[in-house]
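Observations on the model geometry
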Amino acid sequence: MERNERSTPVPGKEKEVDIINIKGIEDIGYVQPDSILLNCLTPEENTGCQHGLYFQDGERRVDYILTYHIKKPSSSRSNRQSSRFTDNAFTRSLRRGTARLGRAPPPQPRGDPEVASQDHSMDYHVDDKRLHREEFEGNLRDMGIELEKDEDTKTPGVGFVKIHAPWHVLCREAEFMKLKMPTKKVYEMKQSTGVGAKINTLVNKVTEPLYPNVEDNRTHNVKHLSYMFSREKQHLFDLSDRDSFFDSKTRASIVFEVLKRTKCTKAKYSMGFTSLLGSGVYTDAYPLHDGDLDGENVEPNDRKLLYEEWASYSVFYKYQPIGLVRKYFGEKIGLYFAWLGLYTQMLIPASLVGVIVFLYGCATVDDNIPSMEICHPKNNITMCPLCDRACSYWKLKEACGTARASHLFDNPATVFFSIFMALWAAMFMEHWKRRQMRLNYEWDLTGFEEEEEELKDHPRAEYELRVMQKSLKKEHKTQKNPTEIAEETTNKWKQTVQSAMAGLKLTEKEKLTCRDRLPAYMTNVVMMLLMIGVTFAIVFGVILYRISTKTALHMSNNPTTRSNVRLTVKTTAAIINLVVILILDEVYGAVARWLTVLEVPKTDKSFEERLIFKTFILKFVNAFTPIIYIAFFRGRLVGRPGSYLYVFESYRMEECAHGGCLMELCIQLSITMLGKQLIQNNLFEIGIPKLKKLIRYIKSKRRSFQEEEREKKLQRYETDHFLEPFAGLTPEYMEMIIQFGFVTLFVASFPLAPLFALLNNIIEIRLDAKKFVAELRRPVAARAKDIGIWYNLLRAVAKVAVIINAFVISFTSDFIPRLVYQYMYSPDGSMHGFVNHTLSYFNVSNFQDGKEPMDPQHQVEMCRYKDYREPPWSNTPYVISKEFWAVLAARLAFVIVFQNVVMLMSDIVDWLIPDIPKDISLQIHKEKILMVELFMKEEQGKIQFIDSMMPCGGKEKRNNHAPIARSRSIPHTHSHTHANNF
């Protein structure tokens, strides 16, 4: 143990390489004498190994798995292959190291005709990877890690390296990582008293059936005092059961930290763990799940408990066991599900208010005067044609259905609902900050700083490769410089040492600058603009589809088809938009990842943030561009009869229905939102993982081993190998952020959006839970205090939602024109005559040649159209009237007032609700006091122990020093007193 700890590098000290402590490359073997062979025995199924959760001895638990590709030898060569792997490992490693230094390799052992007959290039690559594995595994053993190999599995072509971290390694790394662990000290948590406590007790009794049957989810009155683990202070912790002190999640994260810190340094350039994965030396790396989900004689484990109490659809009405989720998957994933659960809970009041607003619209539709005037049988207003030539004049009462449906979403209650949803978003943000702080306290993250975690964030494999290529180019240019060729001969020994040390000091010598990334940045800008342009082009194509389809349907001889033109065009166009959005979402996700890879970010955190930003921009534009067009541009770039605006000189820009574009906006929003949730969020999440699992199943040729599998159960690490790798939380967060946009951005046009989001999220939580527990490999636990950049995106969407809803109410709906008419132009202060007030006159004789209806059904002289323009008999015919400017001024004034009032109210909510709950603040302060008291008692105990062990003379000598110390402090105190007096 001492030798391993002495040679273990301390995290954060890699830049200060001490050449004295580095063994000469000639003297280092790849295989150490005390661990010459990793266990390659055939695995035996027994109860001790518990199907792959332990080493062959049945005692050491498997904390992590590395897989690599192997070429299955034939039976005639198996013995020679095994012998060559063990006996010649040192010879090959020595030959590899000396070759890198420019020396002639030692003669290769003879008597291996199979190797000589193989393809030389393929053998070189296979042997090169094997050498890297042997060196890396040897370095892991030097770090104290214990390994065991298994190549005789039922998964052909895959070898497994089982990794176990012994106790001393766990203690050392836990101290390096500053992990907080529970101490023996237990304190009672302060409980509220008075009326609040009684109400809380009553609520807990009522909601008792909603809690899962999980011990970690119960509220406890006592809590263990936590402290950063230290080997010098092991007496503070309860180490009676060392096997369970570090749980499986913590053990896996510790091993992962060791893997990231271990490097292959014998080559000219160092290769870290991520580089080994990227170059194919290892194919996969993952921790194991705790056990099976179902089957005979399955032992109880956290995974099985999560599957029953969290991932089952039968418990959809229960709270999530967030504590157990964090214990099994780590804080980062625990925070995601805690946020998703809180978001879903907050959707309940929003859904109730939205349903009430919708029901209010249904109840008042018969009392709505404008729709009553449109639907009145005596209404004989003739409207101008909706398209050129093919369309004829039509009666306003034909729009009765559209007008009545528009009132369901365009009524005074929607204004209240928009204000409510803006305040709801602010309260949701504040509630989450408080919930997040409470979780930080419960999960012992109050002293955790993410800056420390970022310092330990190791470079990505792609970054190391680019830096290596940059160094090679510089070295190549230097070697070609004739002025330095002479210096190379004189400083040959110096260059040899530098090349040997280049891998160790690669990161601090070279790094990628903005100049290196400039082509990637330019490509990013151009591609992002191109993708956004593609979205706009597709929206424009759908516009042309609507215009041409409407004209074609108006030319139909079927009266039913002609009467349902608007509904048919709206619905089919919305479905086309949905299909395009679903396809482009996948394309944009791949493009965003490709662009991020081009930038070569240094760390995984930087890569994730850049990827999130690009994906959010592209997917947000893709999802909301058609909706924004309908809300703010459709029907405003039309022109007027006799002077319409045309595209390509033949397509007349489309108009809104008489009830306004709000109904069409509602149709587009509902189809897009429901389609994305049902198809993309649910069907894709269920179908794609199963499809990928089936593909891996076929590729692995496991079908030929089905008979053997019936007789012999797969090991745990083999079963997990066929699960889908964890790809991060970005897709999960992204779909929820887009949904949050649907709920808040255009909620004035679709009050039922929160209800549909609630129903989707109830399924989404259990679907994601089942995916994490049963369909995905277990991810490495990651610590986090918050949800990161996603919170900033949520705040940005909530702020933009206030502005967009102000414009939707003001410009898309008829709310402002109705108010202006009622208080400025109505003779009796009612809405009677509002429809006639919004319609202008047009003389049909002023149609352009070739634009009038071919077969007019009505012989008219005047037709009406929705706009504020002067009549044809005025001195300035068809000029915008003063009513238009009055309505426009009122609309702009409403936007300004609505935006400022709602944002002020949101800021007041933010100010009134503290970010940290008062009880949590008191408990954190109490923990600090208890920790100080604990260490004071420890110091007093040490002093008493020293006093008891020292002889009497030693005590007197030590006591004699005390007055001296006090006397030295007296003048210092007096000097301060005199200074204060002056």
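Our subject is the structure listed above.
Attention in this report is confined to the structure presented alongside it. No experiment lies behind these values; they were computed from the predicted model shown. (Residues numbered from 1 in each chain as written. Predicted model: local features only at pLDDT ≥ 70, side-chain atom pairs only at ≥ 80, totals over all residues. Heavy atoms only, no water.)

Let's talk about the state of the cysteines
One way to say it: the disulfide is the covalent bond shared by the sulfur atoms of two cysteines. Tallied over the entire structure, the rule returns three disulfides. In this model, Cys 375 is linked to Cys 400 through a disulfide, with the two sulfur atoms separated by 1.9 Å. Taking the sign of the S-S torsion, 105° for the link of Cys 375 and Cys 400, the bridge is right-handed. Taken together, the residues span a long stretch of sequence, with Cys 375 in helix H14 (residues 369-375) and Cys 400 in helix H15 (residues 400-409) at a distance of 25 residues. Relative accessible area serves as the criterion here: at 23%, Cys 375 is assigned to the partly exposed category. Two residues, Cys 387 and Cys 391, share a disulfide whose sulfurs are 1.6 Å apart. Residues Cys 387 and Cys 391 share a disulfide whose torsion about the S-S bond is about 95°; that sign makes it right-handed. (Disulfide = S-S within 2.5 Å. Helix = DSSP H or I, 4+ residues; strand = E, 2+ residues; numbered from the N terminus. Buried < 20%, exposed > 50% of the residue type's maximum accessible area, 1.4 Å probe, protein only.)

A few points about the nonpolar core
By size, the foremost hydrophobic cluster in this structure holds 110 residues, and its most contacted members are Trp 339, Tyr 343, Trp 424, Phe 740 and Phe 746. Broken down by element, this core gets its largest block of residues, 15 residues, from helix H13 (residues 331-363). When neighbours within four sequence positions are excluded, Trp 339 is seen to be in contact with Phe 428, Trp 432, Tyr 733, Met 736, Ile 787 and Leu 794. Of all hydrophobic cores here, the second largest spans 47 residues; its members include Tyr 64, Ile 163, Met 181 and Leu 225. (Core = buried A, V, L, I, M, F, W, Y, C linked by side-chain atoms within 4.5 Å. Contact = heavy atoms within 4.5 Å.)

Considering the pattern of salt bridges
Under the definition given, this model contains 38 salt bridges. With a closest N to O distance of 3.8 Å, Lys 433 and Asp 910 form a salt bridge. One end of the pair, Lys 433, is in helix H16 (residues 412-442); the other, Asp 910, is in helix H34 (residues 882-912), with 477 residues separating them in the sequence. Residue Lys 433 is classed as buried on the basis of its relative accessible area of 18%. What emerges from the salt-bridge pattern is a single network uniting Glu 430, Lys 433, Asp 910 and Asp 915. (Salt bridge = Lys/Arg side-chain N within 4 Å of Asp/Glu carboxyl O.)

Brief notes about the packing of helix H11 (residues 302-309) against helix H12 (residues 322-329)
Two numbers describe how H11 lies on H12: the axes approach to 11 Å, and their chain directions differ by 140°. The crossing of H11 and H12 is left-handed. Of the residues in H12, those touching H11 at Asp 302, Arg 303, Leu 305 and Leu 306 are Leu 324, Val 325, Lys 327, Tyr 328 and Phe 329. Per-class residue counts for the contact of H11 with H12 are six nonpolar, no polar and three charged. (Axes fitted to C-alpha atoms, helices over the stretch in contact; angles between N-to-C directions. Left-handed = near helix turned anticlockwise from the far one by under 90°. Nonpolar A, V, L, I, M, F, W, Y, C, P; charged D, E, K, R; others polar.)

Observations concerning the packing of aromatic side chains
Scanning all chains against the criterion turns up 50 aromatic pairs. Measuring from ring centre to ring centre gives 6.2 Å for Trp 167 and Phe 245, while their planes differ by 65°; the resulting arrangement is edge-to-face. Of this pair, Trp 167 sits in helix H6 (residues 167-176) while Phe 245 sits in helix H8 (residues 242-245), and the two are 78 residues apart along the sequence. According to the relative accessible area criterion, Phe 245 is buried, its value standing at 12%. Aromatic side chains Tyr 841 and Trp 873 sit 5.1 Å apart centroid to centroid with 55° between the ring planes, which places their arrangement in the tilted category. With Tyr 841 in strand E13 (residues 839-843) and Trp 873 in the loop between strand E14 (862-866) and H34, this pair connects stretches of sequence that are 32 residues apart. What makes Tyr 841 partly exposed here is its relative accessible area of 28%. Looking at Trp 873, the relative accessible area reads 55%, which means it is exposed. It is Arg 778 that lies over the ring of Tyr 328; its NZ or CZ is 3.8 Å from the centre. Between the NZ or CZ atom of Lys 851 and the centre of the ring of Tyr 646, over which it lies, the distance is 4.4 Å. (Phe/Tyr/Trp six-rings, centres within 6.5 Å; stacked < 30°, edge-to-face > 60°. Lys NZ or Arg CZ within 6 Å of the ring centre and 35° of its normal.)

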